[in-house]
Structure formats: C-alpha cells, structure tokens
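# Observations on the model geometry
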Amino acid sequence: MLATRVLRAAHGSKPNITGFNMRAFKEAAGQPRYDPWERAEAWRYTGTFSRWNRFKGSLPGLGIATVAFTGYCVYEHFFLEDQHHHAEGHGHDEHH
C-alpha cells in the first residue's frame, strides 16, 4: 500500500479538493454490458484449459501410489509377523 493510503486510513479520509469521488464513479460504472475481449479470452477457461484440467495432471500417479501404499500397510499389519518381540531373550541366555 502507498504511504498516503496508510495515512488516510489512520486519520480518516479527507474530501478531495477537486470534488471527484472515485468510489462513486466505480459504483456508477459497474460491469460493462459488453466486453470486447470476452471472446478472445474465453479459451483460457474452457476445454483443456479449464481449472480442473490444468490441475488434474499436476501429480500423476498419486492416486495409484496412495492405494498401493495403503494396501501394503494393511498387509504388513495383519499378515506379517513382528520379529522384534519374538526374540526377547536372545542375547541374555547365550552369553555368560
């Protein structure tokens, strides 16, 4: 923000000496009924350039990798033995 805007916000806005009110001008202008660039810019937001299509391919393989990793974690939890707890007395009885 410009320093003058910060000062105006802190001290309240003074009336413009020219009498021109930019806020009233913007409100009166509103949206134009016809945009001459609308047809030229329409391709950016449709078809292969829509928002969904632009971000759909940003992380290829993430879905398959997530399913595979989840399947492996389930398999490891239910079907593989935990070998850390089966050899509790391994080192104590053999060495005297």
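Starting from 1, residues in each chain are numbered consecutively following that chain's sequence as written. Local features in a predicted model are, by the rule used here, given only for residues with pLDDT of at least 70; side-chain atom pairs are given and counted only at 80 or more, and totals for whole chains, interfaces and linings are based on all residues. Here the side-chain values reflect all heavy atoms present in the structure, with hydrogen atoms and water set aside.

## Some words on the overall build of the chain
The criterion, for reference: Counting from the N terminus, the helices are DSSP H or I runs at least four residues long and the strands are E runs at least two residues long. Exposure classes here rest on a 1.4 Å probe applied to the protein chains alone. A residue is buried below 20% of its type maximum, exposed above 50%, and partly exposed in between. Areas reported as accessible are Shrake-Rupley estimates using a 1.4 Å probe. Residue values count occlusion only from the protein chains shown.
For the chain, the count of helices and strands is 6 helices and 0 strands. Starting at the N terminus and ending at the C terminus, the chain contains elements arranged as α-α-α-α-α-α. Burial statistics for the chain: of 96 residues in total, 1% are counted as buried. Roughly 10,200 Å² of accessible area belongs to the chain as shown, and the carbon and sulfur atoms make up 60% of that amount.

## Observations concerning the packing of aromatic side chains
How we decide: Each Phe, Tyr or Trp ring (for Trp, its six-membered ring) is paired with any other whose centre lies within 6.5 Å, and the angle between the two planes then decides the class: stacked below 30 degrees, edge-to-face above 60, tilted in between.
The final tally for this structure, using the stated rule, is 3 aromatic pairs. Both rings, one in F20 and one in F25, keep their centres 5.8 Å apart while their planes meet at 45°; by these two values the pair is tilted.

## Digging into a nonpolar patch on the surface
The following threshold applies: Patch membership requires more than 30% relative accessible area and the absence of a salt bridge. Residues of like charge join within 9 Å; the nonpolar side chains Val, Leu, Ile, Met, Phe, Trp and Tyr join within 5 Å. Salt bridges are counted wherever a side-chain nitrogen of Lys or Arg sits within 4 Å of a carboxyl oxygen of Asp or Glu.
Together, Y72, V74, Y75, F78, F79 and L80 line one region of the surface with nonpolar side chains, adding up to about 670 Å² of accessible area. For Y75, the position within the fold is in helix α5 (residues 62-79).

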